[in-house]
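So you can see what is in the structure, the chains are spelled out below.
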Amino acid sequence: MRVRDKVVVVTGAAGGIGRAMALRFAAEGAAGVVVADLDEAGAIAVAKEIGDRATAVRVDVSSEPEVAALAETPFGPVDLFCSNAGIIGGHGLDAPDQEWSRLYAVNVLAHVYAARAVVPSMIARGGGYLLNTCSAAGLISCPGDAPYAVTKAAAIAFAEWVAIHYASRGIKVSVLCPQGVRTGMLEQGLEEDHLTARAVAASGTILDPSDVATAVVEGLEAERFHIFPHPEVAEFVHRKAENPDRWLAGMSRFVDSLTSTP
């Protein structure tokens, strides 16, 4: 898919990867960009950067009615829905049930709500595209943050299910799986010396959100299911599939290296 002349919705678009995607889609000639975020002021600021081809919407993606409302845009039917909003937890076995529930709602059910909102109308018009931001954590786990690792894996599983069931009806699906990206989420984690943030920082290059947006545009044009802004993630996935026991042992050593006291 080429974004030119398409109507695009981006959730979590007030900052970070979402903002970068919204700006890049506009630069690519999108007919309209819906900048959606819980941070309404931030969404308005991004929409103003884009101009007349953008509108800002406050949305809580854990609410199905609010996600469904995004399908009604001032620019016409949605061609590309980017379910990008996501949150971290920060805990392991000590994560409270409320944290599990909140991450499940935002990191998994939001993708379900988006698909319910737009897939039927996309099929009626001959096709459409879903882009789900799922993180490399959904493929190769996430040291330190159990709810995040599990919910991102579930998000990828749902995207696979949609791709399998609706490909023949014109629905394209991609999952965006970056590793370290220079966002407020990562910067806060590094300031707090959180294990997850330290693991990300130790795993490879920290990309700028604009680099991720470039990878997204290229991935959409190629219609690849996996979009890897960090090419090394593909190699990690290969190693995991080739020898799961060796991969698990290596990940265990990696976590130990981050948590052991000198």
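Residues numbered from 1 in each chain as written. Predicted model: local features only at pLDDT ≥ 70, side-chain atom pairs only at ≥ 80, totals over all residues. Heavy atoms only, no water.

Student: Got a sec to walk through the packing of helix α4 (residues 97-124) against helix α6 (residues 146-166)? Specific residues and values, please.
Tutor: Remark: α4 packs on α6, axes separated minimally by 8 Å, with the N-to-C direction vectors making an angle of 15°. Classified by the angle their axes make, α4 and α6 are roughly parallel. The element α4 and its partner α6 pack so that their crossing is right-handed. On the side of α4, the interface is formed by E99, W100, L103, Y104, N107, V108, H111, V112, A115, V119 and I123, while α6 contributes A146, P147, Y148, V150, T151, K152, A154, A155, F158 and Y166. (Axes fitted to C-alpha atoms, helices over the stretch in contact; angles between N-to-C directions. Helix = DSSP H or I, 4+ residues; strand = E, 2+ residues; numbered from the N terminus. Parallel < 35°, antiparallel > 145°, perpendicular 65-115°, else oblique. Left-handed = near helix turned anticlockwise from the far one by under 90°. Contact = heavy atoms within 4.5 Å.)

Student: I'd like a description of the packing of helix α1 (residues 16-27) against helix α2 (residues 40-50), backed by residues and values.
Tutor: Where α1 meets α2, the closest approach of the two axes is 10 Å, and the angle between their N-to-C directions is 20°. Accordingly, the angle class assigned to the pair α1 and α2 is roughly parallel. Of the two possible hands of crossing, α1 and α2 adopt the one that is right-handed. Contacts between α1 and α2 pair R19, A22, L23 and A26 from the former with V46, E49 and I50 from the latter. Class assignment for the residues of the contact of α1 with α2 results in five nonpolar, no polar and two charged. (Nonpolar A, V, L, I, M, F, W, Y, C, P; charged D, E, K, R; others polar.)

Student: Describe helix α9 (residues 209-222), and please don't skip the residues or the numbers.
Tutor: Its 14 residues place the ends of α9 20 Å apart at the C-alpha level, agreeing with the 20 Å of an ideal helix rising 1.5 Å per residue. Restricting attention to buried positions, one finds in α9 the residues P209, V212, A213, A215, V216, V217, G219 and L220. Taken together, the buried residues of α9 touch α1, β4 (80-83), β5 (128-133), β6 (171-176) and β7 (226-227). E223 sits one or two residues past α9 and shows a positive phi near 55°. (Expected span 1.5 Å × (residues − 1). Buried < 20%, exposed > 50% of the residue type's maximum accessible area, 1.4 Å probe, protein only.)

Student: A description of the packing of aromatic side chains should follow, citing residues and the corresponding values.
Tutor: Within this structure, the stated rule accounts for two aromatic pairs. Arranged with centres 6.4 Å apart and planes meeting at 10°, the rings of F158 and W161 form a pair that is stacked. A residue pair is termed a helical-turn pair when its members lie 3 or 4 positions apart in one helix, as F158 and W161 do in helix α6 at three residues. Look at W161 and Y166: their rings are 6.2 Å apart centre to centre, the planes differ by 65°, and that puts the pair in the edge-to-face class. Its relative accessible area of 41% is what places W161 among the partly exposed residues. Just above the ring of W247 sits the side chain of K240; from NZ or CZ to the centre is 4.9 Å. (Phe/Tyr/Trp six-rings, centres within 6.5 Å; stacked < 30°, edge-to-face > 60°. Lys NZ or Arg CZ within 6 Å of the ring centre and 35° of its normal.)

Student: So what's going on with the pattern of salt bridges? Residues and values would help.
Tutor: A complete count under the given rule lists nine salt bridges for this structure. With its nearest N and O atoms 3.0 Å apart, the salt bridge here joins R116 to E64. Of this pair, R116 sits in helix α4 while E64 sits in helix α3 (residues 64-69), placing them 52 residues apart in sequence. On the basis of relative accessibility, which here comes to 29%, the residue E64 falls in the partly exposed class. We note a salt bridge from E242 to R246, for which the minimum N-O separation is 3.3 Å. By relative accessible area, E242 is classed as exposed at 52%. The class for R246 is partly exposed, based on a relative accessible area of 49%. (Salt bridge = Lys/Arg side-chain N within 4 Å of Asp/Glu carboxyl O.)

Student: Could you give me a rundown of the sheet that holds β6, with the residues and numbers involved?
Tutor: Pairing between the strands of a sheet comes from backbone hydrogen bonds, and it takes one of two forms, parallel or antiparallel. An order of β3-β2-β1-β4-β5-β6-β7 is seen for the seven strands of this open sheet, with the pairing classed as parallel. Each end of this open sheet is capped by a strand with a single partner; those strands are β3 (54-58) and β7. Across the sheet, α1 is in contact with β1 (7-11), β2 (32-37), β4, β5 and β6; its angle to β1 comes to roughly 165°. In the packing of α2 onto the sheet, contacts are made with β2 and β3, and the angle to β3 comes to roughly 175°. (Pairing = 2+ DSSP bridges.)

Student: An account of the pairing of β3 is needed here, citing residue identities and associated values.
Tutor: Each regular strand carries side chains that alternate between the two faces of the sheet. Bridge count for β2 against β3 is five bridges, and the pairing is parallel. Among the inter-strand pairings, V34 is bridged to a residue of β3, identified as T55. Between the parallel elements β2 and β3, the chain passes through α2 in a crossover that is right-handed. (Right-handed = clockwise from strand over helix to strand, strands pointing away.)

Student: Can you explain α4? Please cite residues and give values.
Tutor: Between its first and last C-alpha atoms α4 spans 40 Å; for 28 residues at 1.5 Å apiece the expected length is 40 Å, and the two agree. Backbone geometry just downstream of α4 places G126 in the positive-phi region, at approximately 105°.

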